[in-house]
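Chain by chain, the residues run as shown.
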Amino acid sequence: MEKLAICGGAPVRTTPLSYGRQFIDDEDIQAVIDTLKSDYLTCGPRTTQLEQRLCDITGAKYCVAVSNGTAALHIAALAAGIGPGDEVITTPITFAASANCALYCGARPVFADINPHTYNIDPVSILAHITPRTKAVVAVDFTGQAVEMDEIRAICREHGLILIEDAAHSIGTRYKGQPVGSLADMTAFSFHPVKTVTAGEGGAVTTNSKELYDKLVLLHAHGITRDRSQMVHPTDDPWYNEQAAYGFNYRMTEIQAALLMSQLNKLDQFSRRRREIVEKYDAAFSRIPQLQLQQEIPASETTRHLYILRLRSEMLSCTRREFFDAMGAEGIHSQVHYMPVYWHSYYESLGYEKGLCPQAERYYQEVMSLPLYYSLTDQDVEDVIHIVKKLVEYYSERR
């Protein structure tokens, strides 16, 4: 028996759409095959080549490729010298890793509220949360849009804070013409499959500081070095290495590096297509008063990772859950990004309470993420637009 959509009749989509999906072509597959046939599966030349490529793309002087985006944030926090007793300011509207990296170092995450229009961290709220214990700011380019970098950098300089940009969403984005990755003291990237480019998993940290780079290199590879200048007991023995720091096995494999190098060849076309889809969505939804769209700051030339649809609940007869379920019944599987980090039960156990960031909490109760990825066809996009309009009309008429 055919499943009926909530509005009645057959679903618009017979083939469901997810909110995100990787795109892998024959060149990507061949790059992985070539690596599997090579002499190196880890600690080889492809990772070094990838790091240089990411420097070229971002404009950063140095890059360390790592196993995933969380590892990138962790070693960035450690390289920043974050430790017990310190506080790290970040946004609650992000994946938990943006705050967890402070916990990993024994520090306390402090949550600043978001701008209700851009959904990025509000510089005014950052300033209000600085204390003598504040060590760093982790500013997240939520959905791919660059944060208000000039304002945040100025705050960090004035108060002597390290600025870590969480660019998990924003590879390909530019701020005032400058690529994300060369703007902060350190920038952490993620290459998860739903991101613009993927390594399967994978991450990287970029920086313009040689001092920070040397720390990152040690931290991502057990703290072990062959650099005699970093050793306490250097020798001329060719086999000798020394653990000079307390590090981790966060190395990227050659297989990941090969896939990501191939994906980066398509970064520009991936970015263009994502922008085209965002433009189509914006053109369709900006004329619907029941919906609120994410605003862009003029400084950000954004490669959007997520497309956020915000429901104006006072103008609709449904809850966000009802709208979400109705989308699913029509074949559009959306997602919600994100629940405020401090609403997670683990953070609750640490003493965090609801009410810390009113704008973020209201945002969370009203939003969902629509499908946005390179391989969406124009018809797929039109189907999403049609279904959203259909549901808005349905839930408006029932008021």
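Residues numbered from 1 in each chain as written. Predicted model: local features only at pLDDT ≥ 70, side-chain atom pairs only at ≥ 80, totals over all residues. Heavy atoms only, no water.

**Some points on the sheet that holds strand 15 (residues 367-370)**
Within the open sheet, the three strands sit side by side as 12-14-15. Their pairing is antiparallel. The open sheet has two edge strands with one neighbour each: strand 12 (291-293) and strand 15. Averaged over all neighbouring strand pairs, the angle between strand axes comes to 35°, with direction disregarded. Its contacts with the sheet put helix 10 (residues 320-329) on strand 14 (307-311) and strand 15, and the angle it makes with strand 15 is roughly 20°. (Pairing = 2+ DSSP bridges. Helix = DSSP H or I, 4+ residues; strand = E, 2+ residues; numbered from the N terminus. Axes fitted to C-alpha atoms, helices over the stretch in contact; angles between N-to-C directions. Contact = heavy atoms within 4.5 Å.)

**Some remarks on the packing of aromatic side chains**
Think of a pair of aromatic rings as described by two things: how far the centres are apart, and how the planes are tilted against each other in angle. Counted by the stated rule, this structure contains 21 aromatic pairs. Judged by centre distance (5.0 Å) and plane angle (75°), the ring pair of Tyr394 and Tyr395 falls under edge-to-face. Owing to a relative accessible area of 26%, Tyr394 belongs among the partly exposed residues under this scheme. Exposure remark for Tyr395: the relative accessible area of 3% places this residue in the buried category. Positioned above the aromatic ring of Tyr364, the side-chain terminus of Arg320 is 5.1 Å from the ring centre. Between the NZ or CZ atom of Lys354 and the centre of the ring of Trp343, over which it lies, the distance is 4.2 Å. (Phe/Tyr/Trp six-rings, centres within 6.5 Å; stacked < 30°, edge-to-face > 60°. Buried < 20%, exposed > 50% of the residue type's maximum accessible area, 1.4 Å probe, protein only. Lys NZ or Arg CZ within 6 Å of the ring centre and 35° of its normal.)

**As for the packing of helix 2 (residues 45-58) against helix 8 (residues 254-264)**
The contact between helix 2 and helix 8 brings their axes to 8 Å, and the two run at 35°. Crossing hand, helix 2 versus helix 8: left-handed. Along its contact with helix 2, which presents Pro45, Arg46, Thr47, Gln49, Leu50, Arg53, Leu54 and Ile57, the element helix 8 presents Glu254, Ala257, Ala258, Leu260, Met261 and Leu264. Split into classes, the residues belonging to the contact of helix 2 with helix 8 amount to nine nonpolar, two polar and three charged. (Left-handed = near helix turned anticlockwise from the far one by under 90°. Nonpolar A, V, L, I, M, F, W, Y, C, P; charged D, E, K, R; others polar.)

**Some thoughts on the side chain of Gln263**
With respect to the helices, strands and loops of the structure, Gln263 is situated in helix 8. Residue class for Gln263 comes out buried when judged on its relative accessible area of 1%. If sequence neighbours within four positions are ignored, Gln263 has contacts with Phe23, Ile24, Asp28, Thr196, Val197, Thr198 and Phe270.

**Description of the pattern of salt bridges**
Counted by the stated rule, this structure contains 20 salt bridges. A salt bridge links Arg13 to Asp380; the nearest nitrogen and oxygen atoms lie 2.7 Å apart. Of the two residues, Arg13 sits in the segment before helix 1 (26-36) while Asp380 sits in helix 13 (residues 378-397), which places them 367 residues apart along the sequence. Residue Arg13 shares its accessibility class with Asp380, and that shared class is buried. One salt bridge connects Arg321 with Asp325, and the closest N-O pair in it is separated by 2.9 Å. With Arg321 and Asp325 both in helix 10, this residue pair falls four residues apart, about one helical turn. Owing to a relative accessible area of 32%, Asp325 belongs among the partly exposed residues under this scheme. Beyond isolated ion pairs, a larger network of salt bridges with shared partners links Arg13, Asp380 and Asp383. (Salt bridge = Lys/Arg side-chain N within 4 Å of Asp/Glu carboxyl O.)

**Thoughts on the sheet that holds strand 5 (residues 162-166)**
Either a parallel or an antiparallel arrangement is found when strands of a sheet pair, and the pairing is made through backbone hydrogen bonds. Pairing is mixed across the open sheet formed by seven strands, whose spatial order is 1-9-8-5-4-2-3. Each end of this open sheet is capped by a strand with a single partner; those strands are strand 1 (62-66) and strand 3 (108-111). Direction aside, the axes of adjacent strands within the sheet are offset by 20° on average. Relative to strand 9 (residues 203-207), strand 1 runs antiparallel, the two sharing five bridges. The residue of strand 9 that forms the bridge with Val64 is Val205. Of the strands in this sheet, strand 1, strand 4 (134-140), strand 5, strand 8 (186-190) and strand 9 are in contact with helix 3 (residues 69-79), which crosses strand 8 at around 165°.

**Details of the packing of helix 9 (residues 267-285) against helix 13**
For any two helices packed against each other, one specifies the inter-axial angle together with the distance between the axes. One way to put it is that helix 9 packs onto helix 13 with a least axis distance of 10 Å and a crossing angle of 25°. On the basis of the axis angle, helix 9 is roughly parallel to helix 13. In this structure, helix 9 crosses over helix 13, and the sense of that crossing is right-handed. Facing Arg273, Ile277, Lys280, Tyr281, Ala284 and Phe285 of helix 9, the residues of helix 13 in contact are Asp378, Val381, Val384, Ile385, Val388 and Lys389. Looking at the contact of helix 9 with helix 13, its residues break down into eight nonpolar, no polar and four charged. (Parallel < 35°, antiparallel > 145°, perpendicular 65-115°, else oblique.)

**Details of helix 6 (residues 149-159)**
Residues of helix 6 that are buried include every one of Met149, Ile152, Ile155 and Cys156, and no others. Angularly, the buried residues of helix 6 cover 130° about the axis, an arc narrow enough to put them on a single face. Those residues of helix 6 that are exposed and aimed more than 90 degrees away from the buried face are Arg157 and Glu158. Here the buried face of helix 6 lies against helix 5 (123-128), strand 4, strand 5 and strand 6 (174-175). Gly160 occupies a position one or two residues after helix 6 and carries a positive phi of about 65°. (Arc of directions from axis to C-beta.)

**Side note on the state of the cysteines**
Under the defined criterion, the tally for this structure stands at zero disulfides. The structure places no disulfide on Cys156, whose sulfur is separated from the nearest cysteine sulfur, that of Cys101, by 14 Å. You can see Cys357 has no disulfide; the closest cysteine sulfur is in Cys101, sitting 16 Å from it. (Disulfide = S-S within 2.5 Å.)

**As for helix 10**
Of all the positions in helix 10, only Arg320, Phe323, Ala326, Met327 and Ala329 are classed as buried. Of the surrounding elements, those touching the buried residues of helix 10 are strand 14, helix 12 (358-364), strand 15 and helix 13. Following helix 10 by one or two positions, Gly331 has its phi on the positive side, about 100°.

**What to know about the nonpolar core**
Counting residues in each nonpolar core, the largest one holds 53 residues, and the members touching the most others are Tyr281 and Phe285. Those elements that provide at least two residues to this core are helix 9, strand 12, strand 14, helix 10, helix 12, strand 15 and helix 13. If you tally residues by element for this core, the top one is helix 13, at eight residues. Ignoring sequence-local partners within four residues, the contact set of Tyr281 consists of Tyr307, Leu370, Pro371, Leu376, Val381, Val384 and Ile385. Core analysis: the second largest hydrophobic core is formed by 40 residues, Cys156, Ala184, Ala199 and Leu264 among them. (Core = buried A, V, L, I, M, F, W, Y, C linked by side-chain atoms within 4.5 Å.)

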